[in-house]
Amino acid sequence: MLVSAKEMLDKAKAGHYAVGQFNINNLEWTKAILLTAQEQNSPVILGVSEGAGKYMTGFKTVADMVKAMIDELNITVPVALHLDHGSYDGCMKCIEAGFSSIMFDGSHYPIDENVAKTTELVKLAHDNNMSIEAEVGSIGGEEDGVVGKGECADPQECKSIADLGIDMLAAGIGNIHGKYPANWEGLSFETLDAIQQLTGEMPLVLHGGTGIPEDMIKKAISLGVAKINVNTECQLSFADATRKYIEAGKDLEGKGFDPRKLLSPGFEAIKATVKEKMELFGSVNKA
Ligand code: 13P
């Protein structure tokens, strides 16, 4: 069932668990995540970056594929199709294409401009029954060529954006995309606590879910995080399983080169990663 992310995240915040956003890249990724969500009876958010959208030939292709797959696979758990780190233009395209949720990443604009653009997009999203995520304080690391330093958001700025009627707020708390460096200082729970004090019931979003230790994930959830984004970890699991298959020479045995066989270990590895995260985030049986 394709739905906006609002209800599932309000429920998660109230129930002290988090819904995973898993980024998709192609048909295998989408199928693996949808099937796992159904098997775990968990709500799920499919994240699509602008780069991945382009790779899959456009947001319309993505929206139509996801809707058809939900239908053909009889997926009954709540699924949101969400633009990840969207530009203003990207948000407009996803509204048009039939996504159920968008993220407007205005964190690189001065706060007044972020407020103005977010305000406009909140209205458009809600007029189309879509949920909307906004961001304050850029997330570190690099994703799709967008590089952020990993700063901590200003809680007062978070409050001014949260008051615009958004449905979820991404706030930098020292988290970064991709693998964490050995000298990473960890999440700033002081910042997270201050943000949650000022933003109340607003579901908070933790980007850069790959590689955050389990105890930090649990603490973040206890301080109001209700959505956790995971991208790199599925890519690493997929690559690792695929490499093992090829290194074992399995593609050279019989019809092992058939893409349905060649991609199968990677597909199963994504499923296992998604299942593990759903268990950690506490979203199993919360559909
Ligand atoms: P990772 O790639 O570090 O898991 O981050 C994903 C993310 O935050 C997508 O917005």
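All values reported here derive from a predicted model rather than from experimental measurement. Numbers given to residues run from 1 along each chain, matching the order in which its sequence is written. Local features are withheld for residues below a pLDDT of 70 in this predicted model, meaning they are given only at 70 or higher, and side-chain atom pairs are given and counted only at 80 or more; totals for whole chains, interfaces and linings count all residues. To obtain the side-chain values, all non-hydrogen atoms of the structure were included, while hydrogens and water were left out.

**Digging into the pattern of salt bridges**
Definition used for salt bridges: Asp or Glu carboxyl oxygen within 4 Å of a side-chain nitrogen of Lys or Arg. One pass over the structure, following the stated rule, counts 12 salt bridges. Across the pair aspartate 127 and lysine 123 runs a salt bridge, and its minimum N-O distance is 2.8 Å. Of this pair, aspartate 127 and lysine 123 both sit in helix H6 (residues 111–127), 4 residues apart, roughly one helical turn. Each member of the pair, aspartate 127 together with lysine 123, is exposed. In this structure, arginine 260 and aspartate 258 form a salt bridge, with 3.7 Å as the shortest nitrogen-oxygen distance. Numbering of helices and strands runs from the N terminus; a helix is a DSSP stretch of H or I covering at least four residues, while a strand is a stretch of E covering at least two. Any residue under 20% of the maximum accessible area for its type is buried, any over 50% is exposed, and the rest in between are partly exposed; the area is computed with a 1.4 Å probe on protein chains only.

**Notes on the site of the ligand**
Definition of nearness: a residue and a molecule or strand are near each other if at least one heavy atom of the residue lies within 4 Å of the molecule or strand. As a matter of local geometry, the ligand sits amid 15 residues, with Asp84, Gly178, Gly208, Thr210 and Thr232 nearest to it. Pairs of N or O atoms within 3.5 Å make up the polar contacts considered here, provided that, within protein, one atom can donate a hydrogen while the other can accept it, and that residues adjacent in sequence are counted only when both atoms are side-chain atoms. The contact in question runs from an oxygen atom of the ligand to an N or O atom on the side chain of asparagine 229, over 3.3 Å. Every accessible area reported is derived by Shrake-Rupley at a probe size of 1.4 Å, with residue values counting cover from the shown protein chains alone. The fraction of the free accessible surface of the ligand (300 Å²) that becomes covered by protein chains is 99%. For the shell around the ligand, the per-class residue count stands at 2 nonpolar, 11 polar and 2 charged. As a working rule, the residues Ala, Val, Leu, Ile, Met, Phe, Trp, Tyr, Cys and Pro are called nonpolar, Asp, Glu, Lys and Arg charged, and the rest polar, with Gly in that last group.

**As for the packing of aromatic side chains**
The pairing test for Phe, Tyr and Trp rings, Trp by its six-membered ring, is centres within 6.5 Å, and the orientation test on the planes gives stacked under 30 degrees, edge-to-face over 60, and tilted for anything in between. Applying the stated criterion across every chain yields a total of 4 aromatic pairs. Counted as over-ring charges are cases with an Arg CZ or a Lys NZ within 6 Å of the ring centre that also lie within 35 degrees of the ring normal. Note that lysine 31 overlies the ring of phenylalanine 267, its terminal NZ or CZ placed 5.5 Å from the centroid. Directly above the ring of tyrosine 17 sits lysine 286, whose terminal nitrogen or CZ lies 4.7 Å from the centroid.

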